[in-house]
Amino acid sequence: MSHVLAAVAWPYANGPRHIGHVSGFGVPSDVFSRYMRMAGHDVLMVSGTDEHGTPILVQAEKEGVTARELADRYNRLIVEDLQALGLSYDLFTRTTTRNHYAVAQELFRTVYANGYMIKQTTHGAISPSTGRTLPDRYIEGTCPICGYPGARGDQCDNCGNQLDPTDLINPRSRINGETPEFIETEHFFLDLPALADALAQWLKTRTDWRPNVLKFSLNLLDDIRPRAMTRDIDWGIPVPLPGWEDNPAKRLYVWFDAVVGYLSAAIEWARRSGDDTAWKKWWSAAAEDARQYYFMGKDNITFHAQIWPAELLGYNGEGSRGGQPGRYGRLQLPTEVVSSEFLTMEGRKFSSSRSVVIYVRDFLSRYDADALRYFIAVAGPESTDTDFTWAEFLRRNNDELVAGWGNLVNRSISMAAKNFGEIPPLVDPTPADEALLATAREAFDTVGGLIERHRQKQAITEAMRVVADANRYLSDQAPWKIKDDPARQGTVLHVALQVVSDCNTLLTPFLPHSAQTIHELLGGTGVHAPMPSIVEVDDLDGGPGYPVLTGDYTVGARWESRPVEVGRPLDPPKPVFKKLDPSIVDEELARLGG
Ligand SMILES: [Zn+2]
C-alpha cells in the first residue's frame, strides 16, 4: 500500500473545456486513480481551475465582466462537466481561494529566502502615446520560436513556450496597434542555473518515464536560464515581499502559482478533512511510501518537469546555494510526469474561434459519458498525436462497446433470467469452462499492471480481449440450444455470468457509470463505482464560497475476481449501452465550422 498523489493539470477557467482537454489528462488520471484505489492504495486526486493570468483578463474584457466574475462562471461550468464525466477528484478546487494565496506566497518567500529568487532589471513595456505601463496582456507579436503571429507577451499559445514581451518579433499594443516602448523595470526570476545540478540529478533517477517525456525534460537543461516569476499584471497573487505586496501592478506569474496548486489543494483537502496535517502523507519528503504522478498534455512538460521541481528544490534548500525548508518541511518531488500527446479533431487542431471544437457539455448532452471515456481509453492520445473523428467514434461505440461488451452482458443475463430467474450453479465444469474462468482471473494482474505503468490503451485492449473470448465461448457452447440438460445449460451461463462480473470489475476504472449499472443487473447492491459530487463550500479563510468536486471513494469494488452468488435473483436486463445511428456522423460534421 502506498500513498499515491494523482496531480491532474489545472483546467484554465477562460471558457468551457473541450474533449481534447479531458482526453489528455482528465480521463487518464481518473482511470489511474480509480484502479489504484481498487488495488488498495491510499489515493489523493487533486486539481482545480487555474484562474489567474492574461487570457482570463482578455476574455473578461471581451465579455464585459470582471476577471473574478469570469472565473466564477467557468469554474462552475468546468466543475459540472468534470462531475458529469465521473472524474473522481478527492478535491477539485480553484486558485482564487485564500488558502491557495497563502500557500503560493509561503513557497515564494522561502524560495526567495533561500536565494533562488533573484531580482533582475528587465524591460517593461510602456505605451508611447500615453506614457503608461502596458501590461503583458496588451502586447502581441510574432513568436520567435515557432513564428506564430498571435503570440502574447507572456506565452505563445501555438508552441506553448514561455515568453517575455521583449522576445516578440514586431511587438504591438492590442489597444491601438502602436509599437510599445521598453523601459527598465524590476522583476523576480527563479534562478534555474543555481538549481540545474539538483534538477539533473533528480531527472537521472527517473528511468521509467515515457521516453519522449524524459528526453524532452533532459533537453530543457541544455539552455537553462533564470525565468521571470513576477509579471506586470494586476490580476493574480501579490508578491509577498516588503515594497512589493502593495504594488497593484506586479503579481506572481500565473505558472508560478498554478503548479503550487497541487500542494495547496492537498492542504485544503486536509483542512476540510479535519486533520490539518494529513496532506503530509503524500507530500513530506520523509513519507517513504508516497508516490506522486502528474498528468498533463505535452505542452505543459516544461512547467511540471522543470519549473515546479525547481520551485520545490528551492523551497527545500537543495540547490547550489543550500538553504532551509520553509514551514511545510522538506517536500516530495514528482515520481513521474505522465504527459500525453495531442488530440486533433477531424484532422485539424482544436480551435474555439474557428468552431473546430466539441465542448464536453455538448458532447454529454448527446452521448453517454462512458462512450466518450471508452473512446479516450482505447483511441486517445496516450503516446502519439491522435485524431478524433465521428466515424471512428461511431465504429468504436457500435462495434466494440455495444456489439462486444454490451452484447455479452445482455445475452448472459437475459438467458439466465429467462431460464433460471437467478444465477445458476456451476456443475462439473469442462476444460473449456475452466479455461475461460482462468483467463478472466489472470487478466487482473495483466490489466492492473498495465494501468499502473500508464499503458491504458493496452490495458483496456486486454480487458476487451477477455470480453471477445467470452463471446466466442457463448457462441461455441450455444446455451440456447441446450434443451434437455438444465445442469449443463446452467453451468455455461454460470461461467458467462462469472466472466461478465470479472470483466465488469476490469473495466470499472474505464467505464464507472456502466460498471455500476452492470453490478446492479447482476443482482448486486450498494456502491460498486463511487462517483464524485459537487459540494458548495465556504472559503476556509473568509473569502467567497465556491463549488468543489469531492467524494467518498473508500467504498466500491476491489481489484479482484469475486465469485458470483449462486441463487441470486436476476431480472431481464435493459441494454446498458446505446447503439448510435450512422446519421450522427453527418449531423456532427455539419456542426463543425469550415
Ligand atoms: Zn510559438
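Preceding this section is the structure that the text describes.
In this text, all values refer to a predicted model and were calculated from it rather than measured experimentally.

Cut-offs applied
Residues numbered from 1 in each chain as written. Predicted model: local features only at pLDDT ≥ 70, side-chain atom pairs only at ≥ 80, totals over all residues. Heavy atoms only, no water. Helix = DSSP H or I, 4+ residues; strand = E, 2+ residues; numbered from the N terminus. Rg over C-alpha atoms; globule rule 2.2 N^0.38 Å. Buried < 20%, exposed > 50% of the residue type's maximum accessible area, 1.4 Å probe, protein only. Contact = heavy atoms within 4.5 Å. Areas by Shrake-Rupley, 256 points an atom, 1.4 Å probe, with all protein chains shown as cover. Lys, Arg positive; Asp, Glu negative; His and termini not counted. Charge placed at Lys NZ, Arg CZ, Asp CG, Glu CD. Core = buried A, V, L, I, M, F, W, Y, C linked by side-chain atoms within 4.5 Å. Domains from an automatic or database assignment. Donors = N, O, S within 2.8 Å, 3.2 Å for Na, K, Ca; no water. Tetrahedral: all angles 85-135°; square planar, octahedral: opposite > 155°, others 65-115°. Pairing = 2+ DSSP bridges. Right-handed = clockwise from strand over helix to strand, strands pointing away. Phe/Tyr/Trp six-rings, centres within 6.5 Å; stacked < 30°, edge-to-face > 60°. Lys NZ or Arg CZ within 6 Å of the ring centre and 35° of its normal.

*Asks:* Could you give me a rundown of the overall build of the protein chain, with the residues and numbers involved?
*Replies:* The number of helices and strands found in the protein chain is 17 helices and 17 strands. Its C-alpha atoms give the protein chain a radius of gyration of 26 Å, near enough to 25 Å, the size a compact globule of 594 residues would have. The C-alpha extent of the protein chain, read off along each of the three principal axes, is 95 × 55 × 45 Å. Looking at the protein chain as a whole, 60% of its 594 residues are labelled buried. Taking as baseline every contact in the protein chain between residues at least 6 positions apart, the subset at least 24 positions apart corresponds to 77%. Looking at the protein chain as shown, the accessible area adds up to about 23,400 Å², and 49% of this sits on carbon and sulfur atoms. One finds the centroid of the 60 positive side-chain charges in the protein chain at a distance of 1 Å from the centroid of its 78 negative side-chain charges.

*Asks:* An account of the nonpolar core is requested, with residue identities and associated values reported.
*Replies:* Leu263, Trp283, Trp308, Trp390, Phe393 and Trp405 are the most contacted members of the largest nonpolar core, which has 170 residues in total. Structurally, this core is a two-domain feature, drawing no fewer than three residues from each of domain 1 (3-116 + 191-340) and domain 3 (393-523 + 564-591). Here Trp390 is in contact with Met345, Glu346, Ile358, Phe363, Tyr367, Ile584, Val585, Glu588 and Leu589, once residues within four sequence places are set aside. If you look at the next biggest cluster of nonpolar residues, it comprises 10 residues, including Tyr12, Ala60, Ala67 and Ile233.

*Asks:* If you had to explain the coordination of the zinc ion to someone new, which residues and values would you point to?
*Replies:* Ideal geometry at a metal centre: 109.5 degrees between donors when four sit tetrahedrally, and 90 or 180 degrees when six sit octahedrally. Donor atoms from the polypeptide that bind the zinc ion are Cys143 (SG), Cys146 (SG), Cys156 (SG) and Cys159 (SG), placed at 2.3 Å. Seen from the zinc ion, its 4 donor atoms lie at angles of 106 to 116°, and the figure they make is tetrahedral. In terms of primary sequence, the donors binding the zinc ion are separated according to C-x2-C-x9-C-x2-C. On the criterion of sequence distance, the pair formed by Cys146 in the loop between strand S5 (139-142) and strand S6 (151-152) and Cys159 in the loop between S6 and strand S7 (169-173) is long-range, its members being 13 residues apart. The partly exposed category is assigned to Cys146, whose relative accessible area is 34%. Under the relative-accessibility criterion, Cys159 is labelled partly exposed at 27%.

*Asks:* How would you sum up the pairing of strand S1 (residues 3-8)? Please name residues and give values.
*Replies:* Put simply, side chains in a regular strand alternate between the two faces of the sheet. Taken across its 6 residues, S1 has 6 buried, putting it largely inside the fold. Neither face of S1 is exposed, since His3, Leu5 and Ala7 on one face and Val4, Ala6 and Val8 on the opposite face are all buried. Looking at chain direction, S1 and strand S12 (residues 290-297) are connected through 6 bridges and run parallel. Across the sheet, the residue bridging to Ala7 is Tyr294, located in S12. Bridge analysis of S1 against strand S2 (residues 42-49) gives 5 bridges, and the strand direction is parallel. Residue pairing for S2: His3 is matched across the bridge by Asp42. At this point the chain moves from S1, through helix H1 (residues 19-38), to the parallel S2, and the crossover so formed is right-handed.

*Asks:* Quick rundown of the sheet that holds S5? Include the residues and the values.
*Replies:* Read across the open sheet, the 3 strands follow the order S6-S5-S7; overall the sheet is antiparallel. The open sheet terminates on both sides in strands that have one partner only, identified here as S6 and S7.

*Asks:* Report on the packing of aromatic side chains, specifying residues and quantitative values.
*Replies:* Considering all chains together, one arrives at 28 aromatic pairs under this definition. Measuring from ring centre to ring centre gives 6.3 Å for Trp10 and Tyr262, while their planes differ by 80°; the resulting arrangement is edge-to-face. Of this pair, Trp10 sits in the loop between S1 and H1 while Tyr262 is found in helix H7 (residues 254-273), placing the two residues 252 residues apart along the sequence. Side by side, Trp10 and Tyr262 carry an identical accessibility label, which is buried. Site record: aromatic cluster; members linked through ring pairs are Phe363, Tyr367, Phe375, Phe388, Trp390 and Phe393. When the ring centre of Tyr74 is taken as reference, the NZ or CZ atom of Arg73 above it lies at 5.5 Å.

Shape descriptors only; they carry no functional weight alone.
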